Amino acid sequence: MFAQLSRWLHRASRGWVTLAAAILFLVFTPLVLPDQAARFEAVAGSGPSPDQSLFYTPADLYRMAESFGAAGRAAYVRARWTFDVVWPLVYTGALATAISWLARKAFTRGSRGRLLNLVPVAGMALDFGENICTSLVIGRYPAATPVVDVLATVFTPLKWLFVGGSFVVLVGVAVIALARALRRNKEPA
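All of these numbers come straight from a predicted model, not from anything done at the bench. (Residues numbered from 1 in each chain as written. Predicted model: local features only at pLDDT ≥ 70, side-chain atom pairs only at ≥ 80, totals over all residues. Heavy atoms only, no water.)

Caption draft 1: Inspection of the overall build of the protein at higher detail. Each helix and strand counted, the protein has seven helices and zero strands in total. Principal-axis analysis of the C-alpha atoms places the extent of the protein at approximately 70 × 35 × 25 Å. Contacts spanning at least 24 positions in sequence make up 83% of the contacts within the protein whose residues lie at least 6 apart. Just so you have it, the protein exposes about 10500 Å², and 71% of that area is on carbon and sulfur atoms. Of the charged side chains in the protein, 19 are positive and 10 negative, and the gap between their average positions amounts to 18 Å. (Helix = DSSP H or I, 4+ residues; strand = E, 2+ residues; numbered from the N terminus. Contact = heavy atoms within 4.5 Å. Areas by Shrake-Rupley, 256 points an atom, 1.4 Å probe, with all protein chains shown as cover. Lys, Arg positive; Asp, Glu negative; His and termini not counted. Charge placed at Lys NZ, Arg CZ, Asp CG, Glu CD.)

Laid out in structure tokens, this is it:
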């Protein structure tokens, strides 16, 4: 299943698709993200939020929910099911297509290196898991949501590991693709 998804991403990641996904990411990031953050801060205050934290405990998550207030909690949950459905699709589209496009130049067909295009997909899945868990905990507050509160604390650092790791993979694959292109250009004709 994962290999099929990886191959599909390679086929879909033509130059124009990769460029369009990169432009969408580059436009979305400065134009939409700050506005979303400001809207939420206006309702919930400027305290910590699960999405912007690397590590937190279930107790921290409940403290965040309390600090948001009723209006902030409603805004948080609404954002997880609107904006925060779109944002992971945007960054995953940009990262997965760029890695796929470069990996075709960096690795031969059938190479395991081509599976690196799944790193951002894993980040997106973890982001969705985080969104589901945190919105359930925050939406149900002050009621406790056992197990889900712990899962949230696991999904968040893993999300950051895979999303951040996607940028590292992107740079690494670009370096390999560039080195391979330079090596090809030096070969006698």
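Caption draft 2: Here's a closer look at unusual backbone geometry. Along the chain, Y141 connects to P142 via a cis peptide bond; the corresponding omega equals 15°. Inspection of the secondary structure assignment puts P142 in the loop between helix 6 (119–140) and helix 7 (148–186). The backbone of V147 sits at a positive phi, close to 75°, despite the residue not being glycine. Within the secondary structure, V147 sits in the loop between helix 6 and helix 7.

Caption draft 3: Inspection of the side chain of D51 at higher detail. Residue position: D51 is located in the loop between helix 3 (33–44) and helix 4 (58–80). Side-chain polar atoms of D51 contact the side chain of S49, separated by 3.1 Å. (Polar contact = N/O pair within 3.5 Å; in protein donor to acceptor, adjacent residues only side chain to side chain.)

Caption draft 4: Up close: the nonpolar core. Formed by 15 residues in total, the largest nonpolar core has its most connected members in F40, L61, F68 and I138. Secondary-structure elements contributing two or more residues to this core are helix 3, helix 4, helix 6 and helix 7. With seven residues, the single largest contributor to this core is helix 4. If sequence neighbours within four positions are ignored, I138 has contacts with P50, L61, A65, F68, R73, Y76 and V77. (Core = buried A, V, L, I, M, F, W, Y, C linked by side-chain atoms within 4.5 Å. Buried < 20%, exposed > 50% of the residue type's maximum accessible area, 1.4 Å probe, protein only.)

Caption draft 5: Spotlight on the packing of helix 5 (residues 83–106) against helix 6. Close contact between helix 5 and helix 6 brings their axes to 8 Å; oriented N to C, the two are set at 170°. For the element pair helix 5 / helix 6, the angle class is roughly antiparallel. Contacts between helix 5 and helix 6 involve D84, V85, P88, L89, Y91, T92, L95, A96 and I99 on the former and, on the latter, P120, V121, G123, M124, D127, F128 and N131. Partitioning the contact of helix 5 with helix 6 into residue classes produces eleven nonpolar, three polar and two charged. (Axes fitted to C-alpha atoms, helices over the stretch in contact; angles between N-to-C directions. Parallel < 35°, antiparallel > 145°, perpendicular 65-115°, else oblique. Nonpolar A, V, L, I, M, F, W, Y, C, P; charged D, E, K, R; others polar.)

Caption draft 6: Structural context of the pattern of salt bridges. Enumeration over the complete set of coordinates arrives at five salt bridges. For the salt bridge of R80 with D51, the shortest nitrogen-to-oxygen distance reads 3.4 Å. Of this pair, R80 sits in helix 4 while D51 is found in the loop between helix 3 and helix 4, placing the two residues 29 residues apart along the sequence. Among the residues examined, R80 registers a relative accessible area of 8% and is labelled buried. For D51, a relative accessible area of 12% translates into the label buried. Across the salt bridge formed by R80 and D84, the nearest N and O atoms sit 3.0 Å from each other. Several salt bridges converge on common partners, so that one network encompasses D51, R80 and D84. (Salt bridge = Lys/Arg side-chain N within 4 Å of Asp/Glu carboxyl O.)

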